[in-house]
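This is what each chain is made of:
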Amino acid sequence: MYEFYNVAMNDIDKSANLPRHVAIIMDGNGRWAKERGKPRIDGHIEGSKRIREVLSAASECGVKYLTLYAFSSENWNRPKEEVDALMELLKNTIREHSEDFIKNKVRFRTIGNVGKLPSNCVELLEKLKEQTKNFDSATLILALNYGSRDEICRAVKNIIQDAAGKKIDPEKIDWPVISSYLDTDAIPDPDLMIRTSGEMRLSNYLMMQAAYAELYFTKTYWPDFGRDEFIKAVKEYQRRERRYGLTTDQLKK
Ligand code: IPE
Ligand code: IPE
Ligand code: MG
């Protein structure tokens, strides 16, 4: 009986209503470690191992874009040892995953003010972006030094400069124009936003892009979030009705 239930749980109906873009707030690494009497960084290390598993689950479900919140613009305010360890882990993770990305033809992108990361991180990130830029089977986007408010500030500065330089007409600024100045330019909006660890907030993540995203919260800490949890979230998404301001009757027409 249990086995039968498990099989059914793991079965994704690929014929209907799949999210094209899933964004995840990978939260709970610190608490995962604390509950085991380990240092916080051990939680981050264990969490980084879930990236490969979740990317593979996403591709199994036919998800084309996966955006992972790895370091927020506010996370610089954590203790220096933790920030330094996270930067070290970022380098190791990129090194370890590079071959996989190339082998599986996954395009790698980042969002966030990546230029402010340590220069050896920037080099690795830019190299992998360059190596994978023409792949289109799937896109993995890491949000690094990302915060929606910082993203908007940078976009507004660029819009004002381009308007002053007559590259754009202020009268014609609409949402597509503004969105082309965001870090997510040419990436479709997230359909499904997942946050692990039981927190129910967006913490400055993709605030405008997620305007119509379906939100999914799970108590599971990120280091325990694997393939089955991902599939469970996608199945929940498939049950939702996205109305975009319309009525259910209008959607049926
Ligand atoms: C998420 O886990 C990873 C980062 C923010 C870098 P946390 O480190 O926030 O884990 P908790 O929330 O303290 O458990
Ligand atoms: C959001 O998690 C950032 C990342 C997952 C990288 P935080 O743990 O930093 O968010 P808050 O502080 O709980 O809102
Ligand atoms: Mg947290």
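Relevant structure appears above.
Procedures and definitions
Residues numbered from 1 in each chain as written. Chains lettered and ligands numbered in written order. Predicted model: local features only at pLDDT ≥ 70, side-chain atom pairs only at ≥ 80, totals over all residues. Heavy atoms only, no water. Helix = DSSP H or I, 4+ residues; strand = E, 2+ residues; numbered from the N terminus. Buried < 20%, exposed > 50% of the residue type's maximum accessible area, 1.4 Å probe, protein only. Salt bridge = Lys/Arg side-chain N within 4 Å of Asp/Glu carboxyl O. Core = buried A, V, L, I, M, F, W, Y, C linked by side-chain atoms within 4.5 Å. Contact = heavy atoms within 4.5 Å.

K.L.:
Can you break down unusual backbone geometry residue by residue, with the values?
P.N.:
Excluding glycine, residues mostly carry a negative phi; peptide bonds, for their part, are mostly trans. Its identity as a non-glycine residue notwithstanding, asparagine 204 has a phi of 70 degrees, on the positive side. Assignment of secondary structure puts asparagine 204 in the loop between strand S5 (192-195) and strand S6 (214-217). Although it is not a glycine, tyrosine 244 adopts a positive phi angle of roughly 45 degrees. The topology assignment puts tyrosine 244 in the loop between helix H8 (227-239) and helix H9 (248-252). Take tyrosine 244: its relative accessible area is 44%, and that puts it in the partly exposed class.

K.L.:
For the pattern of salt bridges, give the residues involved together with the corresponding values.
P.N.:
Charged atoms that come close allow side chains of opposite charge to pair. The full count for this structure, using the stated rule, is 24 salt bridges. Two residues, arginine 52 and aspartate 100, come together in a salt bridge whose shortest N-O distance is 2.7 Å. Placement of arginine 52 in helix H3 (residues 40-60) and of aspartate 100 in helix H4 (residues 80-103) is noted, with a sequence separation of 48 residues between them. The class for arginine 52 is partly exposed, based on a relative accessible area of 39%. Close ionic contact of glutamate 236 with arginine 239 constitutes a salt bridge, the shortest N to O distance being 3.3 Å. Of this pair, glutamate 236 and arginine 239 are both found in helix H8, 3 residues apart, which corresponds to roughly one turn of the helix. Judged by its relative accessible area of 61%, arginine 239 falls in the exposed class.

K.L.:
Please set out the nonpolar core residue by residue, giving values where relevant.
P.N.:
Core analysis: the biggest nonpolar cluster contains 41 residues, and Ile24, Leu66, Leu117, Leu140, Ile194 and Phe230 have the highest contact counts within it. Here this core takes 6 residues from H4, the largest share from any one element. If near-sequence neighbours (up to four positions away) are discounted, isoleucine 24 is found in contact with Val54, Leu66, Thr67, Leu68, Tyr69, Ile194, Tyr205, Trp222 and Phe230. Core analysis: the next-biggest nonpolar cluster, separate from the first, contains 14 residues, Tyr69, Ala143, Ile187 and Ala210 among them.

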